[in-house]
Amino acid sequence: MINKIAPSLEEAVGFIQDSSTIMIGGFGTAGIPDQLLEVVVASDARDLTLIANNAGNGDDGIGTLLRLGRVRKMICSFPRQSDSFDFNAAYQEGRIELELVPQGNLAERIRAAGSGIGAFYSPTGVGTLLTQDSEIREINGKTYALQFPLFADLALIKAETGDRWGNLTYRKAARNFGPVMATAARRTVASVRNLVDLGDLDPEAIVTQGIFVNSLIQVDYSTTRPGGFK
Amino acid sequence: MKFKLRSREAIAREIASDIADGSIVNLGIGIPTLVSNFIPEGREIILQSENGILGLGPKPKDGEEDFDLINAGKQAVTLLKGGSFFHHADSFAMMRGGHLDIAVLGAFQVSVTGDLANWHTGQDGVIPAVGGAMDLAVGAKQVWVAMPLFTKEGKSKVVAQCTYPLTAKACTSRIYTDYATLACTPLGLKVLSLAEGLEIAQLEELMRLPLNQSLQSD
């Protein structure tokens, strides 16, 4: 029998090795897997590379990891927000490496990793600082820059409803990076608000298929707080 | 000659009146966000948000905010009938794949040939942040910029050549400002409309840029 429902948050996330690369879902505060991040904070893992759209909102989760100096590198599209003060401090003090990736290239690099694409040419960022070291190629009269996939050891995502096969649905725009990140990590862990019996999710409405998910855990529902303002 | 500058709302209203019925539009932060308040009655415009929403509706009533339903600026919004949610790779496929008619964006600088600089001032100590700006700039069929024409120091933000790092080359087709609405053409700037009482010669002097007289619309 397949049962991916973990008995505890710790067992859902599993052991995190030093120097791991971790993808974290979320855009602003929507879709951040807060409870899963608490497990990362409580572990001893250091020298981490984090892949997320933003560089932390407020004091907890990514913010805590940054403040404690446990993040070596941040790969994200928009690290400058009014509530990402921990990243701000780490960056100003030269304690962290930043790889800034345009949001669409970030999503597509993750998608490429999860779908077996070796690399792809994107028009985004051509002629800018962000592709100055990239291979540039003209295809059918348009100029593109070569982009490579982004893999992770672990992806932590927040979904709405799941079943024991790991099938997932999401809530509104909290979906954001979840479905693509789920495909691109060696281990994908989802927190869900509701667990349902196999067959209770509408097959037409399943967004992430269970084959992309290694483990899921039900967490208490908490209202998404505002945050991430520019 | 005395002239009357346009308010942020007036700029947003002019942009809204220029968006054709049925258009798919992405609105950036600042003046662009205001455009949604001025869509003329009878026109159906579908707003796209980079974080996976088509069919963005107005701000919710006080107390009814849901922060799983936010725009690119992380402000609470609503969803119109027919609206839908999707993941980030699909959202940016919509942009790069040429499925958006118009992106209305803010800017630090725009060049006369439409180069756009709106993500980074390049100053030391400022954390660079790009978000979806570069994807929108290359992906939308048309990029319109909405901004005050001058910096607080009185320098024109429409320039012969951008000094700030570029977002994308030659992507901007129109610039809506408090002084005038301009079109970027391969031959230079064309004036589409002027603030009440302002004359082209006066604007040229203020901007220190030639506005090609032969290209004027009237």
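Residues numbered from 1 in each chain as written. Chains lettered and ligands numbered in written order. Predicted model: local features only at pLDDT ≥ 70, side-chain atom pairs only at ≥ 80, totals over all residues. Heavy atoms only, no water.

Enquirer: Go over the pairing of strand β2 (residues 46-49) of chain B, please, and point to the residues and values.
Expert: Residue and element names in this part refer to chain B. Here three bridges tie strand β1 (residues 24-27) to β2, and the two strands are oriented parallel to one another. Note that in β2 the partner of N26 across the bridge is Q48. With two bridges joining them, β2 and strand β3 (residues 53-57) adopt antiparallel strand pairing. Within β3, the residue paired with Q48 across the bridge is L54. (Pairing = 2+ DSSP bridges. Helix = DSSP H or I, 4+ residues; strand = E, 2+ residues; numbered from the N terminus.)

Enquirer: Report on the state of the cysteines, specifying residues and quantitative values.
Expert: By definition, a disulfide links the sulfur atoms of two cysteine residues through a covalent bond. Residues and elements named next belong to chain B. Across all of its chains, the model carries zero disulfides over all chains by this definition. Between C162, a cysteine without a disulfide, and C171, which holds the nearest cysteine sulfur, the sulfur-to-sulfur distance is 9.2 Å. You can call C162 buried: its relative accessible area is 18%. With no disulfide of its own, C171 lies 8.8 Å from the sulfur of C184, the closest cysteine sulfur. In this structure C171 comes out as buried when scored by relative accessible area, which is 15%. (Disulfide = S-S within 2.5 Å. Buried < 20%, exposed > 50% of the residue type's maximum accessible area, 1.4 Å probe, protein only.)

Enquirer: Lay out the confidence of the model for chain B in plain terms, naming residues and giving numbers.
Expert: Residue-level pLDDT values for chain B average 94, and 97% of them are 70 or greater. The ipTM for the predicted assembly is 0.96, set against a pTM of 0.96. (pLDDT = per-residue confidence, 0-100.)

Enquirer: Can you break down the interface of chain A and chain B residue by residue, with the values?
Expert: If you look at the interface, chain A gives 50 residues, while chain B gives 38 residues. A buried area of about 3,600 Å², summed over both sides, lies between chain A and chain B, and 64% of it is on carbon and sulfur atoms. It is A:F27, A:R80 and A:K172 that lose the most area in chain A upon contact with chain B, and together they represent 17% of the buried surface on that side. In this structure, B:D66 engages A:K172 in a salt bridge whose closest nitrogen and oxygen atoms are separated by 2.9 Å. The interface formed by chain A and chain B contains 18 residue pairs in polar contact (both at pLDDT 80 or more). Listing elements by their share of the side of chain A that touches chain B, those giving two or more residues are α4 (85-92), β4 (97-100), α5 (103-114) and α6 (178-183) of chain A. Of the residues forming the side of chain A that touches chain B, the biggest block, six residues, is contributed by α5(A). A breakdown of the residues in the side of chain A that touches chain B according to their chemical character gives 21 nonpolar, 20 polar and nine charged. (Contact = heavy atoms within 4.5 Å. Buried area = accessible area lost by both parts, 1.4 Å probe. Salt bridge = Lys/Arg side-chain N within 4 Å of Asp/Glu carboxyl O. Polar contact = N/O pair within 3.5 Å; in protein donor to acceptor, adjacent residues only side chain to side chain. Nonpolar A, V, L, I, M, F, W, Y, C, P; charged D, E, K, R; others polar.)

Enquirer: Any chance you could break down the pattern of salt bridges for me, citing the residues and the numbers?
Expert: Any two side chains of opposite charge can pair, given that their charged atoms come close. On inspection of all chains with the given rule, the structure shows 20 salt bridges over all chains. Here A:R171 ties to B:D66 by a salt bridge, and the two come within 2.6 Å at their closest N and O atoms. Taken together, the residues A:R171 in the loop between β10 (168-169) and α6 and B:D66 in the loop between β3 and β4 (78-85) connect one chain to another. Both residues of the pair, A:R171 and B:D66, count as buried. Across the pair B:D101 and B:K141 runs a salt bridge, and its minimum N-O distance is 3.3 Å. Of the two residues, B:D101 sits in the loop between α3 (88-96) and β5 (102-105) while B:K141 sits in the loop between α4 (133-139) and β8 (142-146), which places them 40 residues apart along the sequence.

Enquirer: Break down the sheet that holds β10(A) for me, with residues and values.
Expert: Residue and element names in this part refer to chain A. Taking strand neighbours across the sheet as the criterion, the three strands line up as β10-β9-β12 in an open arrangement whose pairing is mixed. Bordering the open sheet on either side are β10 and β12 (194-195), each of which pairs with just one other strand. The pairing of strand β9 (residues 161-162) with β12 spans two bridges and is classified as parallel. Across the sheet, residue T161 finds its bridge partner in β12, namely N194.

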